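Structural characterization, general
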Amino acid sequence: MAMHQSALLGQLLLTGVPGTELDPETAARFKKLQPGGFILFGRNIKSPDQLRKLIDDLRDLSDIEPFITIDQEGGRVSRLRLIGSEPPNAQQLREKADPKLIEEHGKLTGQVLRMFGFNLDLCPVLDISFDDEADNSLKGRCYGSTADEVIQNSILFNLGLRREGVLSCGKHFPGYASAEVDPHHELPVISKTLEEMEADELKPFRALLPDLDSIMTCHSHYTCWDADRPRWPASLSKNVIAQFLRNQLAFDGLVMTDDLDMGAVLNEVTFEDTIRACIEAGNDLAMICHRVELVEKAAEVIETLPDPLIHDALVRIEAAKKRMKSPYDWSLERFQEIDAKIWDLRVATLGEERARILSVEDGKRSPVETY
């Protein structure tokens, strides 16, 4: 990244993409801004050939190879189930309790993502499920009901994924298992002490940090870190990211926010303050998933930040990008072969009968599945 720092401000942005193909206006916007990465959702996926073309087009307009990322977890949070098989979710895999199947899930996820050109998967979820029925958007997405169970299972998925050349992301730091509301709608407030967090939520992160390519910070307020700033999300908190994650836990990898278009942030902080605070707090990437028209405005805010902050973020972004692998040559037949194995994995985990009952988007669950 030999270019002048001011020409690289877009690198600190991870942006959504409006549709299934790049219209001229969006292409021109991205060409000028040069975002550090793109995150794709169901709205971007129509067919296998179309998805690969969209990703190739995004890469073609990028001067620096971009992060191309997605939420491909399993179960209802599997964007690729729109054009292929639905993998089992983390809870189903932990209930089956076969380590080989969890590692296979990571491996097949890596293979199918690289076939399309994704180089970073927003996985594994390292939250603990204290209550499998809790209404906090984690339903079915947790690899354990204890910290130790999360660790032993998520390590296997993480290993399988990274072996296939796809970068991983531990989420949602510092853990919102105790959240009583869905952050897509409003800000959860978690009043545990640091000792209580260390006894549970933080354990999986501590265990996996050496083997994670990136961390996603979440939109919950933690009184143990920000008692003097009521309703301040962890994703914007210097105490949580710069002081705790960077300094105390010594994580020098890539750190990104969760989607800054979620209600937990939108309802609490102005857009300009959000972008400024998230980079000042120690995030490298600000994630704007839905209001794509605001990416230029975000870059303007980043331009006002101190040079050392931007420099440090650029160094970490560049280091992560050096580990990215390029896509496999496109083959619809090869995609179909991998997809058939994903279905076999689902059957091996759930049995024939349960495998046929797919997740439904009934509108009553978290927006995390329908975005």
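Located above this text is the structure these notes cover.
In what follows, the accompanying structure is described. Computed from a prediction, not measured in an experiment: that's the story for all the values here. Going along each chain's sequence as written, the residues are numbered from 1 onward. Residue-level local features of this predicted model are given only where pLDDT is at least 70; pairs of side-chain atoms are given and counted only at 80 or more, and the full residue set underlies all totals for whole chains, interfaces and linings. Computation of side-chain values covers all heavy atoms of the structure but excludes hydrogens and water.

Within a sheet, each strand pairs with its neighbour through backbone hydrogen bonds, oriented either parallel or antiparallel. Read from one edge of the open sheet, three strands run S7-S9-S11, paired in parallel fashion. If you trace the sheet from one side to the other, it starts and ends with strand S7 (169-173) and strand S11 (254-257), each paired once. Each adjacent strand pair in this sheet contributes to an overall mean axis angle of 25°, direction not counted. Bridge analysis of strand S9 (residues 214-217) against S11 gives four bridges, and the strand direction is parallel. The residue bridging Met216 from the neighbouring strand is Met256, located in S11. Strands qualify as paired when DSSP identifies two bridges or more between them. Runs of H or I in DSSP of at least four residues are treated as helices and runs of E of at least two as strands, each being numbered from the N terminus. Angular values range over 0 to 180 degrees, each being the angle between N-to-C directions of two axes fitted as lines to C-alpha atoms, with helices fitted over their stretch in contact.

Our next topic: the sheet that holds strand S1 (residues 13-16). Taking strand neighbours across the sheet as the criterion, the five strands line up as S6-S3-S2-S1-S12 in an open arrangement whose pairing is parallel. Where the open sheet ends on each side, the last strands, each with one partner, are strand S6 (120-121) and strand S12 (286-288). Sheet strands in contact with helix H2 (residues 48-60) are strand S2 (37-40) and strand S3 (67-70), and its direction is about 160° off that of S2. Contact criterion: two residues are considered in contact whenever any of their non-hydrogen atoms come within 4.5 Å of each other.

Here the focus is the pairing of S9. Along S9, one buried face is formed by Ser214 and Met216 and the opposite face, lined by Ile215 and Thr217, is buried too. Where S7 meets S9, three bridges bridge the pair, whose relative direction is parallel. Residue pairing for S9: Phe173 is matched across the bridge by Thr217. Relative accessibility decides the category of a residue: with a 1.4 Å probe and only protein chains considered, values under 20% of the type maximum give buried, values over 50% give exposed, and everything between is partly exposed.

It is worth spelling out the environment of His219 at this point. With respect to the secondary-structure elements, His219 resides in the loop between S9 and strand S10 (221-222). Owing to a relative accessible area of 1%, His219 belongs among the buried residues under this scheme. C-alpha of His219 to C-alpha of Ala340: the two residues are 121 residues apart in sequence and 36 Å apart in space. Not counting residues within four places of it along the chain, the set of residues in contact with His219 comprises Pro183, Leu187, Pro188, Pro233, Ser235, Asp258, Asp259, Leu260, Met262, Ala264 and Val265. Side-chain polar atoms of His219 contact the side chain of Ser235, separated by 2.7 Å. Polar side-chain contacts of His219 include one of 2.7 Å to the backbone oxygen of Asp259. N or O atoms within 3.5 Å of each other form a polar contact, as long as, within protein, one can give a hydrogen and the other can take it, and as long as residues adjacent in sequence are counted only when both atoms are side-chain atoms.

Before going further, it helps to examine the packing of H2 against helix H4 (residues 99-116). Two measures define how a pair of helices packs: the angle their axes make with one another and the distance between the axes. Remark: H2 packs on H4, axes separated minimally by 8 Å, with the N-to-C direction vectors making an angle of 70°. Overall, the two elements H2 and H4 adopt an arrangement that is roughly perpendicular. Here Pro48, Leu51, Arg52 and Ile55 of H2 lie close against H4, whose contacting residues are Arg114, Met115 and Phe116. For this scheme, ten residues count as nonpolar: Ala, Val, Leu, Ile, Met, Phe, Trp, Tyr, Cys and Pro. Four count as charged, namely Asp, Glu, Lys and Arg, and the remainder, Gly too, count as polar. Considering only residue class, the contact of H2 with H4 consists of five nonpolar, no polar and two charged. Note on terminology: angles under 35 degrees are roughly parallel, angles over 145 are roughly antiparallel, angles of 65 to 115 are roughly perpendicular, and the others are oblique.

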